[in-house]
Amino acid sequence: MKLLQSLFFTLFLLFSASAMSASAEKININTASAEQISMAMTGIGDSKAKAIVKYRSTNGKFKNINDLENVDGIGSKTVEKNKSKITL
């Protein structure tokens, strides 16, 4: 029984570690889909994520994370909340 408990505990730790590393990955706003953006970023729903992709398609890749502020509906507070989650 003790062996079984140890096995379950080990599996739990492995799954927890893999979930934490997956959530620590950054999202590339120059390549991500609208769905990926809305799932990864705080305060960004479907419509704002689609606006990011549309802006990127129209204006080219983002050169700076703060360029997100040029997208309609996205302000400096939203950008600041998400800086640690974004890469270019």
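Residues numbered from 1 in each chain as written. Predicted model: local features only at pLDDT ≥ 70, side-chain atom pairs only at ≥ 80, totals over all residues. Heavy atoms only, no water.

**Student:** I keep staring at the pattern of salt bridges and nothing clicks. Help me out?
**Tutor:** Pairs may arise between side chains of opposite charge once their charged atoms sit close together. Tallying each qualifying case throughout the model produces one salt bridge. When the shortest N-O distance is used, the salt bridge between Lys83 and Glu80 registers 3.7 Å. Residue classification places Glu80 among the exposed positions, given a relative accessible area of 54%. (Salt bridge = Lys/Arg side-chain N within 4 Å of Asp/Glu carboxyl O. Buried < 20%, exposed > 50% of the residue type's maximum accessible area, 1.4 Å probe, protein only.)

**Student:** Help me understand helix 3 (residues 46-59), please; the structure alone is not making it clear to me.
**Tutor:** The α-helix advances 3.6 residues per turn, and as a result positions three or four apart in sequence lie on the same side. Spanning 14 residues, helix 3 covers 20 Å between terminal C-alpha atoms, matching the ideal 20 Å at 1.5 Å per step. Among the residues of helix 3, Ala49, Ile52 and Arg56 are the ones counted as buried. Down the axis of helix 3, the buried set is contained in an arc of 55 degrees. They therefore lie on one face. Of the exposed residues in helix 3, the ones pointing more than 90 degrees away from its buried face are Asp46, Ser47, Lys50, Lys54, Ser57 and Thr58. If you follow the buried residues of helix 3, they end up packed against helix 2 (34-40). Just downstream of helix 3 lies Gly60, where phi reads positive at about 90 degrees. (Helix = DSSP H or I, 4+ residues; strand = E, 2+ residues; numbered from the N terminus. Expected span 1.5 Å × (residues − 1). Arc of directions from axis to C-beta. Contact = heavy atoms within 4.5 Å.)

**Student:** What is the right way to read the side chain of Asn82 from this model?
**Tutor:** Locating Asn82 in the fold gives a position in helix 4 (residues 76-82). Residue class for Asn82 comes out buried when judged on its relative accessible area of 0%. With sequence-adjacent residues up to four places away left out, Asn82 is seen in contact with Met41 and Thr42.

**Student:** How should I be thinking about the environment of Ala40 in this particular structure?
**Tutor:** On the secondary structure map, Ala40 appears in helix 2. A residue is classified by how much of its surface remains accessible, and Ala40, at 32% relative accessible area, is partly exposed. What Ala40 contacts, discounting residues up to four positions off in sequence, is Ile27 and Lys85.

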